[in-house]
Amino acid sequence: MKKFLALLLALVMVAGLAACGQQSAPAQSASSAPNAAEAIQESSTALDNTVEVENTGYIKDYIALNSLVATSLTPWGTSNDTPGNYEVYEMLYECDALSNIYPLLADANRGGSYIYQGKPLPGCDHEEGTGVYDVYIYDCIYDQKGEHITASDVAFSYNWQKDNEAVSGWNDIVSIEALDDTTVRFTFNSEVNGVGGLTDIFCRCFIVSEKTFTESGDQLVGQMIGTGPYKFVSFDGTAITLKRNEDYWQLKAGMTPRPEQAANVETIVYRMIGESAQVIIGLQTGDLTCCPEFNRADDALTFANNDKFQITYYPQKFVNYLNANCDEASPLHDINLRKAVFYAVDIDGLIQATGGTYERLYAYANYYGGYSDATWFKWEDMDNYNTYTGGAIEGVGANRAEVVKYYLDQSSYNGEKLYILCQSSDEATVIAGQLAQYGINAEVKAVDRTSARTTQGDPSQWDLEVGMMAGDNIAVVWEHGFGTANTGTGKTSNYVSDPEWNDLLALCNTADGHTKENMEAWWQHAVDNAYTMGLFTTKTYMVIPSDMVSVVQGDKLTFLPGACTWAAPEA
Amino acid sequence: MWRYIVKRLIALVIVLLCVAVIIFCVLWFMPGDPAEIILGMSVPEADREALRIKMGWNDPFLLQLGRYMRDVFLHLDFGDSYQYKVPVSQGFMERLPRTLTLGLISVFIQTVIGIPLGVSAAIHRNTLQDQGLLVFAMVFISVPQFWFALMMVVLFSVKLGWLPPFGIGSWKHWIMPIIANSISGIAMNARQTRSAVLETIRSDFVTTARAKGLPEGKVIYKHMLPNALIPVINGLGMQLSMCVGGTVVIESVFSFPGVGNYMLNGINGLDYPVVRGCVLILAAVSAVMTLVVDLVYGFLDPRIKAQYVNYAAKKGAKKAA
């Protein structure tokens, strides 16, 4: 009897402890998706990067924010996304949040003979047809160790990154050399005609002093020494600490830094925290000042109606898409079955079922594109299966269900199971359910990141793929997804072998061919052949303190905490 | 006895060789391409192939295995981490002090609190004290470590604001990780000690000691406890070997930059050198701890020591014969 009572007591205690873990926060759960979507809509504001940054002049003492895990502090790599990189290091040119290129270390008072993205590029000279581009740098650049940065340091930085890290778009570089202290010559095999091509060169290499690099002893793997407005203080394995650089070269030279290069905080601490629950706790306890990236509305909603915080959001450059395996090994080799599947997917229903906070995508690319992209397309006017209004097929009405039935009848589908390859199963599960309503038998095949590419490389292993892709502009996103150079098979990653389509994409990726007509033609070709469809783009929520006046983002929407402006505390 | 130790050391080397081969094979056959993980898919296939050739990943399996075994066992070179870009041994040693501190303090607390609790419960068996310990042990052996850690964070950081929720820095950052890491060990030690003492308490020599009129304290601590501790030491040995590799969960919850986090990042990033190096080092630590525990057995219990010595002597005699 005693043992039974002891066991019962223990069970009650465990149950009680488990129940204590229930949070009675006002946040909505993902299962009440429409409420979460409505709630976040009421509690947040859209971030508008076209609005000028309001400079209050107030320098905040300290902020801490969460970041990705940094495994190495090296300034060079395939993604340059070590926390603090954009505060400590600088490049020849950088892009703002709207993907407009601007000179940083490049001397804006020289050059300008080269027309790039429709405008003269300050600091750069180029003679048509030579493949040679000369970039001029300021003569007054110093790093945080006091070393004078010259053109040979620029050449060193580029050559080191080229020789030791694989960087996209650098294969055509023949040489990078210093002509004198302030002139760097870039020589390519041919003219850099690709869309965003020079951005991939000039805006993808942080510049360091060769002397500093050599004397560091660890090739700057464990420390950061650059030319930027912030100095590296320490890295203890989970937090990077930066301090305002009082000797920033632009200030010493009497220049007025751009808003992105402002230093409006004395000390910044990047804390590497992986779980959103920990981030929420950090914000609640004050150990974190802001969170620049919540992907779930539920998490951001925790701080709705909280006077200490404000919530803002912006659409990410990521696109979520559904690809069809066009290989003969898959039933989706049949174009009619592909069309049936794409018309069967209800994007609005998918968005609602998975949290309600995505933005609908009409094409395989978001409208937050690079130069000119965003102004061209009225995506909602383009047929993307979900926007079908009828009339294209004789005898078939405007109801999408009828269109699905029509194409299913035309296809040779016999009820085979279609495997939906994905890394996150939420969307794929909903899609499988939607397909089942039309008698299309689908099963989710969720794999981890390391297995995804291997599985995709075997066309017998999957039929549909729910994936995510990013790019600086729409044509680059398409290139990543449907270029044939990266697969090594001569076909696209979803096994499309269509030379006409490939040629159109190559044309869209040239400076001259990057026109509205060509882009629409490529997309229409994809729709006509049902190769792929866009699903949605993700919104990212930022929880920022209520005294932050202006949010500043840089290239690839990187949050620049030091550049944000703050309201002075009330006296 | 020395012969026994030498034989165990030789066996340890063989174990490590087998572990190295197994972990190499497991990672070799796992799906995933390190070149894709490192470079991503936005670079041409030619670049990924160039990296594979440069790193020797296209070489035959046996060649890669031989190269790996030679580097590790002849040069103690575990290779360079793909992500961290520093030698694995350097990355491991940078993090080891923090993890060891966390682990050793936890083991110390588990021993200092757990064993006396168990002894007390056994001596006062069937009382409220004993029942309370049993409930405590059942609860904290059953409750998942990460959940308990998170609850501590909610209580002490969010609600009370006494302690920082993550990271390292001051001594306050260590309190919750140590407690969370220790609690289940305390419960386990207490239970094991209680069971062991209960068995010993009924022994003839204990009755004899009491019959001789020895004070109760002497009966417990001089006669009973050394015999009762033998099974407990086995558990302690396991806890010591978990010092280095068993703190992954705690380090993850508290964003603690230790060996566990290092290994976890290596697994997530398909960083083969880090995974292989960590597994091998942890296997070595575990094997050494097992040997130490066996030797401590021999020190505590002369019968076991005699077994070791006799076994070695018998082996020697057989050979001579």
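Residues numbered from 1 in each chain as written. Chains lettered and ligands numbered in written order. Predicted model: local features only at pLDDT ≥ 70, side-chain atom pairs only at ≥ 80, totals over all residues. Heavy atoms only, no water.

J.: Even after reading the chapter, I still don't get the overall build of chain A, so can you show me in this structure?
T.: Each helix and strand counted, chain A has 18 helices and 22 strands in total. Buried residues in chain A amount to 56% of all 571 residues. If you take every contact in chain A between residues at least 6 apart in sequence, the share linking residues at least 24 apart comes to 71%. (Helix = DSSP H or I, 4+ residues; strand = E, 2+ residues; numbered from the N terminus. Buried < 20%, exposed > 50% of the residue type's maximum accessible area, 1.4 Å probe, protein only. Contact = heavy atoms within 4.5 Å.)

J.: Even after reading the chapter, I still don't get the overall build of chain B, so can you show me in this structure?
T.: Each helix and strand counted, chain B has 14 helices and zero strands in total. Counted from the first residue to the last, chain B has its helices and strands arranged as α-α-α-α-α-α-α-α-α-α-α-α-α-α. Overall size of chain B, expressed as C-alpha extent along the three principal axes, is 85 × 75 × 30 Å. Residue burial in chain B is summarised as follows: out of 321 residues, 49% are buried. Considering only contacts within chain B whose residues lie at least 6 apart along the sequence, 72% involve residues at least 24 apart. If you sum the accessible surface of chain B, you get close to 15,700 Å²; carbon and sulfur atoms cover 69% of it. Separation between the mean location of the 28 positive side-chain charges and that of the 18 negative ones in chain B comes to 14 Å. (Areas by Shrake-Rupley, 256 points an atom, 1.4 Å probe, with all protein chains shown as cover. Lys, Arg positive; Asp, Glu negative; His and termini not counted. Charge placed at Lys NZ, Arg CZ, Asp CG, Glu CD.)

J.: Explain the state of the cysteines to me, please; I cannot follow it from the model alone.
T.: In a disulfide, the sulfur atoms of two cysteines are covalently bonded to one another. Applying the stated criterion to the full structure yields zero disulfides over all chains. A:Cys290 supplies the cysteine sulfur nearest to A:Cys564, a cysteine that is in no disulfide, at a spacing of 7.2 Å. (Disulfide = S-S within 2.5 Å.)

J.: What should I look at first to understand the interface of chain B and chain A in this one?
T.: It is common to give the size of an interface as the accessible area that goes away when the parts come together. The interface is formed by 44 residues belonging to chain B together with 45 residues belonging to chain A. Summed over both partners, the interface of chain B with chain A comes to about 3,600 Å²; 63% of that surface belongs to carbon and sulfur atoms. Run the count over chain B and chain A and you get zero salt bridges. Linking chain B with chain A are three residue pairs in polar contact (both at pLDDT 80 or more). (Buried area = accessible area lost by both parts, 1.4 Å probe. Salt bridge = Lys/Arg side-chain N within 4 Å of Asp/Glu carboxyl O. Polar contact = N/O pair within 3.5 Å; in protein donor to acceptor, adjacent residues only side chain to side chain.)

J.: Even after reading the chapter, I still don't get the sheet that holds strand β10 (residues 183–188) of chain A, so can you show me in this structure?
T.: The strands that make up a sheet are held in pairs by hydrogen bonds between backbone atoms, and each pair lies either parallel or antiparallel. Residue and element names in this part refer to chain A. With respect to topology, four strands assemble into an open sheet ordered β7-β8-β10-β9, the strand pairing being antiparallel. Lying at the two open borders of the sheet, with one neighbouring strand each, are β7 (124–126) and β9 (173–180). Along the sheet, successive strands turn relative to each other by an average axial angle of 20 degrees, direction set aside. When strand β8 (residues 132–136) meets β10, the two strands line up antiparallel, connected through five bridges. Pairing of aspartate 134 across the sheet is with arginine 185, part of β10. The sheet contacts of helix α4 (residues 151–164) involve β9 and β10, and relative to β9 the element is tilted by about 160 degrees. (Pairing = 2+ DSSP bridges. Axes fitted to C-alpha atoms, helices over the stretch in contact; angles between N-to-C directions.)

J.: What should I look at first to understand the environment of A:Thr267 in this one?
T.: All names here are of chain A. Following the sequence through the fold, threonine 267 ends up in strand β13 (residues 265–272). Distance in space between the C-alpha atoms of threonine 267 and leucine 242 is 5.7 Å, their sequence separation being 25 residues. Those residues within four positions of threonine 267 in sequence are excluded, and the remaining contacts are Asp61, Tyr62, Ile63, Thr241, Leu242 and Lys243. In this structure the side chain of threonine 267 is engaged in a polar contact, spanning 3.2 Å, whose partner is the side chain of lysine 243.

J.: So what exactly am I meant to see when it comes to the nonpolar core here?
T.: Nonpolar side chains in soluble globular proteins tend to be buried together. A:Leu92, A:Tyr93, A:Tyr158, A:Phe186 and A:Phe202 are the most contacted members of the largest nonpolar core, which totals 77 residues. By residue number, the principal contributor to this core is α4(A), which donates six residues. If near-sequence neighbours (up to four positions away) are discounted, A:Tyr158 is found in contact with A:Leu92, A:Trp170, A:Ile176, A:Phe186, A:Ile201, A:Phe202, A:Cys205 and A:Ile207. Grouped together as the second largest cluster of nonpolar side chains are 57 residues, B:Leu12, B:Phe24, B:Val88 and B:Leu236 included. (Core = buried A, V, L, I, M, F, W, Y, C linked by side-chain atoms within 4.5 Å.)

J.: What is the right way to look at the packing of helix α5 (residues 88–123) of chain B against helix α10 (residues 216–245) of chain B in this model?
T.: To describe two helices that pack against each other, one gives the angle between their axes and the distance between the axes. Residue and element names in this part refer to chain B. α10 packs onto α5 with a crossing angle of 150 degrees between their chain directions and a minimal axis gap of 10 Å. As summarised for this structure, α5 and α10 are arranged roughly antiparallel, according to the angle between their axes. Of the two possible hands of crossing, α5 and α10 adopt the one that is right-handed. Residue-level contacts link Phe92, Leu96, Thr99, Leu100, Gly103, Leu104, Val107, Gln110, Thr111, Ile115, Val119 and Ile123 of α5 to Ile220, Leu225, Leu229, Val232, Leu236, Gln239, Leu240, Cys243 and Val244 of α10. (Parallel < 35°, antiparallel > 145°, perpendicular 65-115°, else oblique. Left-handed = near helix turned anticlockwise from the far one by under 90°.)

J.: Explanation requested: the sheet that holds strand β11 (residues 230–235) of chain A in the structure shown.
T.: Residues and elements named next belong to chain A. The mixed open sheet is built from four strands, whose spatial order is β2-β13-β12-β11. The open sheet is flanked by β2 (60–67) and β11, the only strands paired with a single partner. Here the average twist between neighbouring strands, direction ignored, is 20 degrees. Here strand β12 (residues 239–244) pairs with β13 via five bridges, running antiparallel. From the neighbouring strand, lysine 243 faces β13, where its bridge partner is threonine 267.

J.: Just to check I follow, could you spell out the pattern of salt bridges for this structure?
T.: In a structure, side chains of opposite charge can pair up when their charged atoms sit close to one another. All names here are of chain A. Enumeration according to the criterion identifies 22 salt bridges over all chains in this entry. A salt bridge links aspartate 555 to arginine 204; the nearest nitrogen and oxygen atoms lie 2.8 Å apart. Of this pair, aspartate 555 sits in the loop between β21 (548–550) and β22 (565–566) while arginine 204 sits in the loop between α5 (199–202) and α6 (210–215); the two residues are 351 residues apart in sequence, bridging distant segments of the chain. Take aspartate 555: its relative accessible area is 5%, and that puts it in the buried class.

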